[in-house]
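# Reading the structure
Okay, here's what each chain looks like letter by letter:
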Amino acid sequence: EYFDAVNARGVQLSIADLLKNLILKNISQNMMPEAESKWNEIIERINTITLAGCDVDQFFRYYWAAKHEYIPGKGLYRAIKKQTKKKRSGQDWNDFLNNINDFGDIYYNLCMGSASDFRERIPDNNRRRKFFRALQGLRSQKGARTWLVLMMNFVEKNIYDDKGIYVHKIAPILEKFIFNYFTVLSLKGNTIFQLMHSYCKEFNALVKNDSSSNK
């Protein structure tokens, strides 16, 4: 409660501090030591990322955009707090933490991982090499990190494979698009961030409802 009060009075705490407080406040007492340890591991791992433009606050903004909605400015914590009011039990909060942990691993691997880190997600060697070549191209484009929103979404959801939408095919298309958008056309990032989120939201809805057979 103190964290929330301080933040409300203009002393801006990081989104990581606020979320840690929110989760530990609601998680059951017996889960707390493991939850705190898991949280610290997530933050420490993301803090080791050396790719320019990738940090803890960006991770949470991209995670929320990939999962739920695009939140501009400083409203992210309020949006997460509002969304998580539906969680009633300590297990619900533990599941939320596990989901953050899963996406933290995906974010780290997209920013810093080797091809072998995607072996479980892309077992086929040729497909994995094709995906990783495109990922290296995306990483090399300085200042353009909005592709992470869409890639986090596709790498996390195996259900896309069932619809014939494969991440090793998406990555090279995205690489070319990002290069043209930022390097050739020199366009701004705010518009494309919202675009990436809108794609995530639309794709997830189509796949979940199985409402379209159109790739």
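Residues numbered from 1 in each chain as written. Predicted model: local features only at pLDDT ≥ 70, side-chain atom pairs only at ≥ 80, totals over all residues. Heavy atoms only, no water.

### Side note on the environment of Glu 156
Tracing the backbone shows Glu 156 in helix α8 (residues 147–156). Note: C-alpha distance between Glu 156 and Asp 102 (54 residues apart in sequence) is 8.2 Å. When sequence neighbours within four positions are dropped, the list of residues in contact with Glu 156 reads Asn 99, Phe 103 and Ile 106. (Helix = DSSP H or I, 4+ residues; strand = E, 2+ residues; numbered from the N terminus. Contact = heavy atoms within 4.5 Å.)

### Some points on helix α3 (residues 32–47)
Counted at 1.5 Å a residue, the expected span for α3 with its 16 residues is 22 Å, and the 22 Å between its end C-alpha atoms agrees. Looking only at α3, the buried set comprises Ala 35, Lys 38, Trp 39, Ile 42, Ile 43 and Ile 46. The buried residues of α3 occupy one face: seen down the axis, they fall within an arc of 130 degrees. Across α3 from its buried face, at more than 90 degrees, point the exposed residues Pro 33, Glu 34, Glu 41, Glu 44 and Asn 47. Packing partners of the buried residues in α3 comprise α2 (15–26), α4 (56–67) and α6 (90–112). (Expected span 1.5 Å × (residues − 1). Buried < 20%, exposed > 50% of the residue type's maximum accessible area, 1.4 Å probe, protein only. Arc of directions from axis to C-beta.)

### Here's the deal with the packing of helix α7 (residues 125–139) against helix α10 (residues 167–184)
Orientation of α7 relative to α10, taken along the N-to-C sense of each, is 20 degrees, at an axis distance of 8 Å. In terms of their interaxial angle, α7 and α10 are classed as roughly parallel. In this structure, the crossing between α7 and α10 has a hand that is left-handed. Contacts between α7 and α10 involve Arg 127, Lys 130, Phe 131, Ala 134, Gly 137 and Leu 138 from the first element and Val 167, His 168, Ala 171, Pro 172, Leu 174, Glu 175 and Ile 178 from the second. Here the contact of α7 with α10 is composed, by residue class, of eight nonpolar, two polar and three charged. (Axes fitted to C-alpha atoms, helices over the stretch in contact; angles between N-to-C directions. Parallel < 35°, antiparallel > 145°, perpendicular 65-115°, else oblique. Left-handed = near helix turned anticlockwise from the far one by under 90°. Nonpolar A, V, L, I, M, F, W, Y, C, P; charged D, E, K, R; others polar.)

### Topic: a positive patch on the surface
Judged by side-chain charge, Arg 127, Arg 129, Lys 130, Arg 133, Lys 169 and Lys 176 come together as a positively charged surface patch. When residues of the positive patch are traced back to their parent elements, those giving at least two are α7 and α10. Sort the elements by how many residues they give to the positive patch and α7 lands first, with four residues. Considering the arrangement of structural elements, one finds Arg 133 in helix α7. When its relative accessible area of 54% is taken as the criterion, Arg 133 is described as exposed. (Patch = residues over 30% accessible without salt bridge, like charges linked within 9 Å, V, L, I, M, F, W, Y side chains within 5 Å. Areas by Shrake-Rupley, 256 points an atom, 1.4 Å probe, with all protein chains shown as cover. Salt bridge = Lys/Arg side-chain N within 4 Å of Asp/Glu carboxyl O. Lys, Arg positive; Asp, Glu negative; His and termini not counted. Charge placed at Lys NZ, Arg CZ, Asp CG, Glu CD.)

### Structural notes on the side chain of Gln 58
Along the polypeptide, Gln 58 turns up in helix α4. You can call Gln 58 buried: its relative accessible area is 12%. At a separation of 2.7 Å, a polar atom in the side chain of Gln 58 contacts the main-chain carbonyl oxygen of Gly 53. The contact partners of Gln 58, leaving out residues within four places of it in the chain, are Gly 53, Tyr 107, Arg 145 and Leu 148. (Polar contact = N/O pair within 3.5 Å; in protein donor to acceptor, adjacent residues only side chain to side chain.)

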